[in-house]
Amino acid sequence: GMLVPFGPYGITPIHAGHPGTVSLRRATFEALLTDVCEELVAMGAERFVLVNWHEGNIAAMDAVATEVQLRHDQVQVVAAHACYTAQRLYADQGGELTHGGGLEALAVMAYDPDLVHNERAGDSTRPEKAAAMDAMRRSREVYGFITDVTEIDAEGWYGEPGWADSQTAGDFAGIVAADIVRQVEAIFELRT
C-alpha cells in the first residue's frame with residue numbers, strides 16, 4: 001500500500017469569516033481529488049481508501065469516488081469517515097461529535113499533544129439548541145443545512161474537550177485506524 005497525503009484544505013464554508021479558516025470550493029476540492037486519483041490509476045493503483053475527518057468533504061468525496069470507479073472497471077474506492085468511527089468507538093467515554101469537543105481534542109492530541117490546551121478552553125459550552133441543530137444536520141432521513149457555524153454557537157464551538165487526555169490520545173489513532181481497516185477489508189472482500 002501507499003500513503004498519499006491529499007492536503008490540509010477541505011470544504012468548510014460554514015466556518016467562513018472565522019480566523020484561520022481556508023475553505024475550498026467543492027469544484028476545486030473535487031478537481032484536486034480526481035486528479036490525484038487519476039494519476040495514481042495511471043500508475044497502476046486499483047484500490048483506494050479515502051480517509052476523511054471533516055463532514056463538509058463527504059458529498060464531494062462520494063462524487064469523486066463514484067466517478068473514478070465508474071471510469072475504471074478495475075478500480076475500487078472506499079470512503080472512510082474517521083469522525084464517525086471515532087464517535088462510535090468512544091461514545092461510552094463521552095465521544096460526541098461536536099465542534100471543538102473531546103473527539104476533536106483527541107484527534108489533535110494524537111497528532112501533536114502540544115497543540116491542545118484544554119485548560120484554556122474555559123467552561124464547556126452547550127448552547128440550548130446546539131444538540132438539536134447537530135442532530136438536524138446529521139440525520140440520515142430528513143435533514144437541514146447549517147450555512148454558518150454560529151447557528152450552533154456564537155463562538156463557533158461547543159463540546160466537552162476536557163475528557164480528552166494524553167493517555168486516551170496515545171491509543172486513539174491506532175484504535176480508530178484498526179477499526180477502519182477491519183471495515184475496509186470486509187468491503188474489499190465483498191468486491192472480489
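Our subject is the structure listed above.
Computed from a prediction, not measured in an experiment: that's the story for all the values here. (Residues numbered from 1 in each chain as written. Predicted model: local features only at pLDDT ≥ 70, side-chain atom pairs only at ≥ 80, totals over all residues. Heavy atoms only, no water.)

## What to know about the overall build of the chain
- In terms of regular secondary structure, the chain is built from six helices and two strands.
- Each helix and strand of the chain, ordered N terminal to C terminal, gives the series α-β-α-β-α-α-α-α.
- Computed over its C-alpha atoms, the radius of gyration of the chain comes to 18 Å, within 12% of the 16 Å expected for a compact globule of 192 residues.
- If you line up the chain on its principal axes, its C-alpha atoms span 50 × 35 × 35 Å.
- Summarising the internal contacts of the chain: among those between residues at least 6 apart in sequence, 70% fall at separations of at least 24. (Helix = DSSP H or I, 4+ residues; strand = E, 2+ residues; numbered from the N terminus. Rg over C-alpha atoms; globule rule 2.2 N^0.38 Å. Contact = heavy atoms within 4.5 Å.)

## Considering the pairing of strand 2 (residues 76-81)
- Counting buried residues along strand 2, five of its six residues qualify, which places the element largely inside the surrounding structure.
- In this fold, strand 1 (residues 47-52) hands off to helix 2 (residues 58-71), which returns the chain to strand 2; that crossover is right-handed. (Buried < 20%, exposed > 50% of the residue type's maximum accessible area, 1.4 Å probe, protein only. Right-handed = clockwise from strand over helix to strand, strands pointing away.)

## Overview of the nonpolar core
- Among the nonpolar cores identified, the biggest contains 20 residues, and Tyr90, Leu103, Leu106, Phe172, Val176 and Ile180 are the most heavily contacted of them.
- For this core, the secondary structure elements donating two or more residues are strand 2, helix 3 (82-89), helix 4 (102-111) and helix 6 (166-191).
- No other element matches helix 6, which puts six residues into this core.
- Discounting chain neighbours no more than four positions away, the residues touching Val176 are Ala82, Thr85, Ala86, Leu89 and Tyr90.
- In terms of nonpolar packing, the next biggest core, distinct from the first, is built from 16 residues, Cys37, Leu40, Leu50 and Val64 among them. (Core = buried A, V, L, I, M, F, W, Y, C linked by side-chain atoms within 4.5 Å.)

## Describing the packing of aromatic side chains
- For the coordinates displayed, the defined rule picks out four aromatic pairs.
- Measuring from centroid to centroid gives 5.6 Å for Tyr143 and Phe145, while their planes differ by 75 degrees, and the two rings are edge-to-face.
- An aromatic cluster is built from Trp53, Tyr90 and Phe172, whose rings are joined through pairwise contacts.
- Positioned over the ring face of Phe188 is Arg47, at 4.4 Å from the centre of the ring. (Phe/Tyr/Trp six-rings, centres within 6.5 Å; stacked < 30°, edge-to-face > 60°. Lys NZ or Arg CZ within 6 Å of the ring centre and 35° of its normal.)

## Describing helix 2
- The first and last C-alpha atoms of helix 2 sit 20 Å apart over 14 residues, in line with the 20 Å expected at 1.5 Å per residue.
- Of all the positions in helix 2, only Ile58, Ala60, Met61, Val64, Ala65 and Val68 are classed as buried. In a view along the axis of helix 2, the buried residues occupy a sector of 160 degrees, so they form one face of it.
- Of the surrounding secondary structure, the elements contacted by the buried residues of helix 2 are helix 1 (26-42), strand 1, strand 2 and helix 3. (Expected span 1.5 Å × (residues − 1). Arc of directions from axis to C-beta.)

## With respect to the side chain of Asn52
- Here Asn52 lies in strand 1.
- Classification of Asn52 by relative accessible area gives buried; the value is 5%.
- In contact with Asn52, other than residues within four places in its own chain, are Asn57, Ile58, Met61, Ala80, His81, Ala82 and Cys83.

## Side note on the packing of helix 1 against helix 2
- In the contact formed by helix 1 and helix 2, the axes pass within 9 Å of each other and the chain directions differ by 35 degrees. When the axes of helix 1 and helix 2 are compared, the crossing they make is right-handed. Along the contact surface, helix 1 presents Arg26, Phe29, Glu30, Leu33, Thr34, Cys37, Glu38 and Val41, while helix 2 presents Ala59, Ala60, Met61, Ala63, Val64, Val68 and Arg71.
- Considered class by class, the residues forming the contact of helix 1 with helix 2 number 10 nonpolar, one polar and four charged. (Axes fitted to C-alpha atoms, helices over the stretch in contact; angles between N-to-C directions. Left-handed = near helix turned anticlockwise from the far one by under 90°. Nonpolar A, V, L, I, M, F, W, Y, C, P; charged D, E, K, R; others polar.)

## Comments concerning a nonpolar patch on the surface
- A cluster of nonpolar side chains, Val108, Tyr111 and Leu115, forms an exposed patch at the surface whose accessible area comes to about 350 Å².
- By secondary structure assignment, the location of Tyr111 is in helix 4.
- Take Tyr111: its relative accessible area is 70%, and that puts it in the exposed class. (Patch = residues over 30% accessible without salt bridge, like charges linked within 9 Å, V, L, I, M, F, W, Y side chains within 5 Å. Areas by Shrake-Rupley, 256 points an atom, 1.4 Å probe, with all protein chains shown as cover. Salt bridge = Lys/Arg side-chain N within 4 Å of Asp/Glu carboxyl O.)

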